[in-house]
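Coordinate inspection notes
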Amino acid sequence: MAGVVAAALAGAGAAACSDDDSGGEAAQQAEEDSLNSESLPPLPTDLPAELFVLGVASGDPVSDSVILWTRLVADPMADDGGVGTAPIPVGWEVATDRMFDEVVASGDAVADPALGHSVHVDASALEPDSWYWYRFTVGDRTSPIGRTRTTPASNSEPDRLRFAFASCQNRQNGYWTAYPHLTEEDVDLVFFLGDYIYEEPPIDGTAQPYTSPAPTDLNGYRKRWAEYKGDPALQGAHAQFPWVCTWDDHEVANNYADDLPDGAVATDQSVRDEFLQRRAGAYQAFYEHTPVRLDPPEGPDYRIYRRVSWGKLAKFYVLDGRQYRSDQACASTSVAADVGPVCAEAAEDTRTMLGDEQEQWLGEGLADSEAAWNVLAQQTVMSALPFAEGLANFDQWDGYPAARRRLVDQLREVSNPVVITGDIHLSAVATVTDDPDDPATDPVVPELVGTSISSSFPLADAIEALAGALPNVEYINAQQRGYVLCTVTPDEMRAEYRLVGTVGAPEADIATGATWVLADGDPLPRTA
Ligand code: FE
Ligand code: CA
């Protein structure tokens, strides 16, 4: 497979679905030996001068390696990205300084046209808990410089981790005024919890109308991703820290579940088949634009759930709450009707959010964990959020009560479980409760809900009044956009809600709207 060849030429095969510990050094050495003789393709003679218009990124760090990413594009709206259809040799370097005086790792990779000329390099044999700088070269062209880092060693006990998490960056809803501020933060890691792109058609009169049409296939998703990735503010935040990215629904289609688009009739197999083809294209575009420690997908099934560890201080379970979920219950047959009256279907034991395999993987990871903090990085609100007597949001965990109960039972057994959440476009601090369906019962798992980067919440006053009155909701702000900054120590996890003044203009100030503290051993969040 071409992607594996590219990674292997780069020095090491990207381990498929790797957890935080990458094993098999002997196999890796054998792979390198067998590929050292493989020659790089020639440099095409007619390449444009500028190939790095999508910037660079890094992600999925472990203690001795990090994934370095770029995608060679000259014209984001051209079918071939403006770079032709031949493979392109790409050099890469990692240094301990911004001037590249001390290069500690380097190699060659191949940007494969079958993968949109994306490049995923597993830069290995690095030191734990260390910052690095990296860049790519094509012929005499050099990419922007990125900064990245490795995690502390798995058996170490770090004093501190700072990370940010963000989600939901609909460009037509507003400007990315948060990103220049995120780029200035002192964080080790950024988690992105989904809705990196939106699949909607261009809408005139919006903040930044799309030039690409609504995507339905690989070519269409590539253009939409390239349009998003072309933004310099987003590129700046990627170039400054490693990111760990999962997806939500809009990377494919709003409110999709398993093999069904929103509102589809489940008995129609042709609808499922057509949607799976679309999903395959969307998933490949996700891979091509994201610095993930994964092999490329082959078809519509793509395991992206994985773990990231910060020594024994924190373990992150990066979940996929879309690909395997049962179709939304009750209200699911009308488009965008997330909220509706509760029916018997919702309570069925067989309904799943994560799917059996991911649920089992998560349970085993939690049971084995020696981490002080165990963080579920995931998509939809897990705390009970009843909108009124008999009404629920069936796209959230409220629509999957049996699956939520199974998960909460697993989380009761682990040290400091915390949920971080995107999707809903508002800031909140809430708790998943002892009876997860009843918000009046005791808190068991704290949940930090991060607002969107730019996606709007249309009924902000109403949700604040409604959710703010629930006994398990400690804080809510649906008016503002931004991200959450978290500082983790053995004693506490502190969450600062960083909120911008507006997304209605290209630039805005940022301020901390609220600071909440989770103390070791206490599931009830407190104000700082
Ligand atoms: Fe969203
Ligand atoms: Ca949705």
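All of the points below concern the structure found in this document. (Residues numbered from 1 in each chain as written. Chains lettered and ligands numbered in written order. Predicted model: local features only at pLDDT ≥ 70, side-chain atom pairs only at ≥ 80, totals over all residues. Heavy atoms only, no water.)

Our next topic: the packing of aromatic side chains. Counted under the stated rule, the structure contains 21 aromatic pairs. Look at phenylalanine 192 and tyrosine 196: their rings are 5.0 Å apart centre to centre, the planes differ by 65 degrees, and that puts the pair in the edge-to-face class. With centroids separated by 6.1 Å and ring planes inclined at 75 degrees, the aromatic side chains of tryptophan 225 and phenylalanine 286 adopt a geometry described as edge-to-face. Here tryptophan 225, found in helix H4 (residues 218–229), pairs with phenylalanine 286, found in helix H6 (residues 269–288); they are 61 residues apart in sequence, far enough to count as distant. Aromatic rings pair up to connect Trp176, Tyr179, Phe192, Tyr196, Tyr210, Trp225, Tyr228, Trp243, Trp247, Tyr283, Phe286 and Tyr302 into one cluster. One residue, arginine 149, lies across the ring of tryptophan 131, its end atom 5.1 Å from the ring centre. Lying over the aromatic face of tyrosine 400, arginine 351 brings its terminal NZ or CZ to 4.5 Å of the ring centre. (Phe/Tyr/Trp six-rings, centres within 6.5 Å; stacked < 30°, edge-to-face > 60°. Helix = DSSP H or I, 4+ residues; strand = E, 2+ residues; numbered from the N terminus. Lys NZ or Arg CZ within 6 Å of the ring centre and 35° of its normal.)

Here we take up the state of the cysteines. Summed over the entire model, instances satisfying the criterion amount to 1 disulfide. The partner cysteine of cysteine 330 in its disulfide is cysteine 343, sulfur to sulfur 2.0 Å. Handedness here is read from the sign of the S-S torsion; for cysteine 330 and cysteine 343, about -90 degrees, the answer is left-handed. Here cysteine 330, found in the loop between strand S13 (314–318) and strand S14 (339–341), pairs with cysteine 343, found in the loop between S14 and helix H7 (356–368); they are 13 residues apart in sequence, far enough to count as distant. Accessibility expressed as a relative area gives 24% for cysteine 330, which makes it partly exposed. Between cysteine 245, a free cysteine, and cysteine 168, which holds the nearest cysteine sulfur, the sulfur-to-sulfur gap is 13 Å. Judged by its relative accessible area of 3%, cysteine 245 falls in the buried class. You can see cysteine 486 has no disulfide; the closest cysteine sulfur is in cysteine 245, sitting 16 Å from it. Taking the relative accessible area as the measure of exposure, cysteine 486 reaches 0% and is therefore buried. (Disulfide = S-S within 2.5 Å. Buried < 20%, exposed > 50% of the residue type's maximum accessible area, 1.4 Å probe, protein only.)

The next subject is the coordination of the iron ion (ligand 1). Protein-derived ligands of the iron ion (ligand 1) are Cys168 (SG), Asp195 (OD), Tyr198 (OH) and His425 (NE2), with the metal-ligand distances lying across 2.0 to 2.5 Å. Each of the 4 donor atoms bound to the iron ion (ligand 1) contributes to angles spanning 85 to 170 degrees, and the resulting shape is irregular. In primary sequence terms, the donor set of the iron ion (ligand 1) follows C-x26-D-x2-Y-x226-H. Here histidine 425 lies in the loop between strand S17 (417–421) and strand S18 (427–433) and cysteine 168 lies in the loop between strand S9 (161–166) and helix H3 (179–184), a separation of 257 residues in the sequence. Judged by its relative accessible area of 1%, cysteine 168 falls in the buried class. Using a relative accessible area of 12% as the deciding quantity, one classes histidine 425 as buried. (Donors = N, O, S within 2.8 Å, 3.2 Å for Na, K, Ca; no water. Tetrahedral: all angles 85-135°; square planar, octahedral: opposite > 155°, others 65-115°.)

Before going further, it helps to examine the coordination of the calcium ion (ligand 2). Taken together, Asp249 (OD), Asn254 (OD1) and Asn255 (OD1) make up the protein donors of the calcium ion (ligand 2), found 2.2 to 2.4 Å from the metal. Donor residues for the calcium ion (ligand 2), ordered by position in the chain, follow D-x4-N-N. On the basis of relative accessible area, asparagine 255 is assigned to the buried category, the value being 3%.

With 6 of 7 residues buried, strand S19 (residues 443–449) lies mostly within the body of the structure. Two strands pair when backbone bridges link them, and S17 and S19 are joined in this way by 3 bridges, in the parallel orientation. Looking at the pairing, threonine 421 lines up with valine 449 of S19. Pairing of S18 with S19, which is carried by 6 bridges, proceeds in the antiparallel orientation. Among the inter-strand pairings, valine 429 is bridged to a residue of S19, identified as leucine 448. (Pairing = 2+ DSSP bridges.)

Pairing within the open sheet is mixed, and its 7 strands lie in the order S12-S13-S15-S17-S19-S18-S20. This sheet does not close on itself; its edge strands, each paired only once, are strand S12 (306–310) and strand S20 (473–477). Across the sheet, the axes of successive neighbouring strands diverge by a mean angle of 25 degrees, strand direction being ignored. Two elements, S12 and S13, share 5 bridges in a ladder whose sense is antiparallel. In the sheet register, arginine 307 faces S13, and the bridge partner there is tyrosine 317. Across the sheet, H7 lies against S12, S13 and strand S15 (373–378), angled at about 175 degrees from S13, the strand it touches most. (Axes fitted to C-alpha atoms, helices over the stretch in contact; angles between N-to-C directions. Contact = heavy atoms within 4.5 Å.)

Because side chains alternate across strand S8 (residues 146–149), one face comprises the buried residues Gly146 and Thr148, and the other comprises Arg147 and Arg149, equally buried. With 4 bridges connecting them, strand S6 (residues 131–138) and S8 associate as antiparallel partners. Looking across to S8, one finds that tyrosine 134 is bridged to glycine 146.

For the rest of this paragraph, the subject is H7. Owing to its 3.6 residues per turn, the α-helix aligns residues three or four sequence positions apart on the same side. For H7, which comprises 13 residues, the first-to-last C-alpha distance of 18 Å matches the rise-based estimate of 18 Å (1.5 Å per residue) to within 8%. Where H7 is concerned, the buried positions are Gln358, Glu359, Trp361, Leu362, Gly363, Gly365 and Leu366. In this structure, the buried side of H7 is in contact with S12, S13, S15 and helix H8 (401–411). (Expected span 1.5 Å × (residues − 1).)

A few words on the packing of H4 against H6. Where H4 meets H6, the axes come as close as 8 Å, and the angle between the chain directions of the two elements is 35 degrees. By crossing handedness, the relation of H4 to H6 is classed as right-handed. When H4 is examined against H6, the residues Leu218, Tyr221, Arg222 and Trp225 are found in contact with a partner set consisting of Arg278, Gly281, Ala282, Gln284, Ala285, Phe286 and Glu288. For the contact of H4 with H6, the class distribution of residues is 6 nonpolar, 2 polar and 3 charged. (Left-handed = near helix turned anticlockwise from the far one by under 90°. Nonpolar A, V, L, I, M, F, W, Y, C, P; charged D, E, K, R; others polar.)

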